[in-house]
Amino acid sequence: MTSSKETTRRDFLKTTVAAAAASTFAAPAFVRGQNLNSQLQFAGIGTDGKGYSDIKLIASHDKVKCVAFCDVDLARTEKVKPLAPEAPIYQDYKAMLDELGDKIDAVSVSTPDHTHAIISMDAMQRGKHVYCQKPLTRTVWEARQMRLQAKKSGVITRMGNQIHSHSAYRTGVKAIQDGVIGKVSAVHSWVGTTGHGRSGLLEPPKTNEAVPKTLDWNLWVSVAPMRPYGGNRVYHPFTWRDWQDFGSGAIGDFGCHLLDPVYTALKITGDPISVHSEHTGMNDEVWPAQETIKYIIPGTQYTAGRSLPINWYDGGRRPANGIAKLLPGQSLPGGGSIFVGEKGNLILPHVGMPFVNIEGMTIEPVEGLDHYHGWVDGCLSGKQPSDGFEYGGHLTEAVQLGNVAAYFPGETLEFDGKALKITNNSAANKYLTRDYRTGFEIASI
Ligand SMILES: NC(=O)C1=CN([C@@H]2O[C@H](COP(=O)(O)OP(=O)(O)OC[C@H]3O[C@@H](n4cnc5c(N)ncnc54)[C@H](OP(=O)(O)O)[C@@H]3O)[C@@H](O)[C@H]2O)C=CC1
Ligand SMILES: O=C1CO[C@H](CO)[C@@H](O)[C@@H]1O
């Protein structure tokens, strides 16, 4: 049961958020002031791995009160307990949201990729603000639903890509937008991570181990077809990234990191026009070890042409020698992006300060921001951070479109973003979404 006092507080928060959202720039001072004096009642979903650091850093905001935690594996809730020893612990996020109702204002979703959408959509439908890990979803269709639902619910959202707020990426974004290298004609982004290899398997194991007593395997599998647990680190924890049913391979794991400053700097809001993948081979279970993906994206005010090629390389592949045109003493980082510009190239290492191949030119650093507190402040003031689910959904649609292309290596897939359809290969459309397990469906918006 919710007390009338709590209901009033919750309604107040909702009303003022809606009021502030209607007038983004000029939320009246009294609205901001009153909200900033209230607490954000926060519940963390996924409490180990990245979930632990997400919860800890969100909870370090002095207006945040942790009211509950949820993890399908009760053995992995130990770390968060000291953050709020009185907070109840749940295994099922639905039970938590049902039982605590208006006692929760906001949630973090730091679970494996395949469960981001089902949990976040449910939370948003109940009016909760959501901080959801990258990639925002496992499929293109889910990313679209997240964008639509966030808008419909009017809640404050942020994708858990904390590097978006890092000084290095903010510095790169400003330099591009200041025109340091002129308009951009191509981007090359690469990461060393491979699409599979974490579990050491290419197919489900022939033998099975008993599910640990602390783990609810049915809830872990969630939207995906049921399969045996397998054993520690077959799928859970962490190694799910290898498997098509659960994770998103190298582009899914790192695309929302490395392509984030590309999307932000160039203000890309259009849907990809086409996508082309070429890789070392894949089966029906795991993602390719090494891959090259070429996107054609609509041009913007910061691009040299009406469209922009973005080239992605992973698993040890890198841009061809000579693209970067480095100065003596410069070298390419292990992962990052090359922005090819009219006046020179800007190299933005993955979480490292950018540099250019223009003799004598240095780049003024921009300060970093607190990504986590930025979201909390947004929830309290009603001001949506720039990288909410509209932005994160767009970026994730592109990232997951790369994974659709992996099923058709060597083919250029043409994409109609408005219709959410591949127009030149009807067989590809089924990979834009997935079949949901009974009881774990996501309704379309
Ligand atoms: N932004 C960044 O820099 C990083 C982001 N990530 C992202 O964070 C997410 C989690 O990754 P990672 O921490 O490595 O994964 P793990 O598998 O290590 O952990 C995820 C946590 O969520 C729990 N969990 C799984 N399913 C559910 C569910 N349905 N409800 C509640 N809890 C659940 C897990 O429990 P269990 O032990 O049972 O699996 C575990 O505690 C991913 O989306 C990943 O991409 C990860 C690392 C860094
Ligand atoms: O930044 C990160 C560090 O590595 C992890 C494992 O590959 C990623 O999931 C994560 O996004």
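Residues numbered from 1 in each chain as written. Chains lettered and ligands numbered in written order. Predicted model: local features only at pLDDT ≥ 70, side-chain atom pairs only at ≥ 80, totals over all residues. Heavy atoms only, no water.

Next up on the list: the side chain of H394. Following the sequence through the fold, H394 ends up in helix α12 (residues 389–405). Owing to a relative accessible area of 10%, H394 belongs among the buried residues under this scheme. Residues in contact with H394, not counting those within four places in the same chain, are R147, Y263, T269, G270, D271 and F389. (Helix = DSSP H or I, 4+ residues; strand = E, 2+ residues; numbered from the N terminus. Buried < 20%, exposed > 50% of the residue type's maximum accessible area, 1.4 Å probe, protein only. Contact = heavy atoms within 4.5 Å.)

The full set of residues close to ligand 2 is K134, F238, R241, D253, F254 and H257. D253 places a side-chain nitrogen or oxygen 2.5 Å from an oxygen atom of ligand 2. Here an oxygen atom of ligand 2 and a side-chain polar atom of H257 are 2.7 Å apart. Isolated, ligand 2 exposes 290 Å² of accessible area, and the fraction of that covered by the protein chains is 66%. Among the cavities detected, the one that contains ligand 2 is the second largest pocket. Residues belonging to the shell around ligand 2 are distributed by class as follows: two nonpolar, one polar and three charged. (Near = heavy atom within 4 Å. Polar contact = N/O pair within 3.5 Å; in protein donor to acceptor, adjacent residues only side chain to side chain. Areas by Shrake-Rupley, 256 points an atom, 1.4 Å probe, with all protein chains shown as cover. 1 Å grid on protein atoms, 1.4 Å probe; cavity = no way out; pocket = protein on both sides within 12 Å on 5 of 7 lines; lining within 4 Å. Sits in = over half its atoms within 2 Å of the grid points. Nonpolar A, V, L, I, M, F, W, Y, C, P; charged D, E, K, R; others polar.)

We now examine the domain arrangement of the protein chain. Each domain of the protein chain was delimited in the assignment, giving domain 1 (4–164 + 373–384) and domain 2 (165–196 + 246–368 + 396–432). Computed from C-alpha coordinates alone, the two centres of domain 1 and domain 2 are separated by 29 Å. Tallying the contact residues gives 19 residues for domain 1 and 28 residues for domain 2. Carbon and sulfur atoms supply 53% of the area buried between domain 1 and domain 2, which totals about 2,000 Å² over both sides. By the criterion of area lost to domain 2, the three top residues of domain 1 are V140, I163 and H164, representing 35% of everything that side buries. Counting every contact that joins domain 1 to domain 2 gives four salt bridges. A salt bridge links E397 to R144; its shortest N-O distance comes to 2.7 Å. At the surface where domain 1 touches domain 2, the tally comes to 18 residue pairs in polar contact (both at pLDDT 80 or more). (Domains from an automatic or database assignment. Buried area = accessible area lost by both parts, 1.4 Å probe. Salt bridge = Lys/Arg side-chain N within 4 Å of Asp/Glu carboxyl O.)

This brings us to the UniProt feature "domain: Gfo/Idh/MocA-like oxidoreductase N-terminal" (unreviewed entry) in the protein chain. Under the UniProt annotation, the feature "domain: Gfo/Idh/MocA-like oxidoreductase N-terminal" (unreviewed entry) is placed at residues 44–159. With 36% helix and 20% strand, the stretch residues 44–159 has end C-alpha atoms that lie 15 Å from each other. (UniProt positions renumbered as here; feature names shortened; annotations may be inferred.)

Let's shift gears to the layout of surface pockets. Considered as a void within the structure, the largest pocket measures approximately 970 Å³ in volume. Lining the largest pocket are 38 residues; nearest its centre among them are Q384, P385, S386, G388 and Y391. For the lining of the largest pocket, the secondary structure elements donating two or more residues are α6 (140–153), β6 (157–160), α7 (167–177), α10 (260–265), α11 (371–381) and α12. Here the lining of the largest pocket is built from residues that sort into 13 nonpolar, 15 polar and ten charged. Both of domain 1 (4–164 + 373–384) and domain 2 (165–196 + 246–368 + 396–432) provide at least three residues apiece to the lining of the largest pocket. In this model, the second largest pocket occupies a volume close to 760 Å³. (Points joined across faces, edges and corners; volume = space filled by probe spheres on them.)

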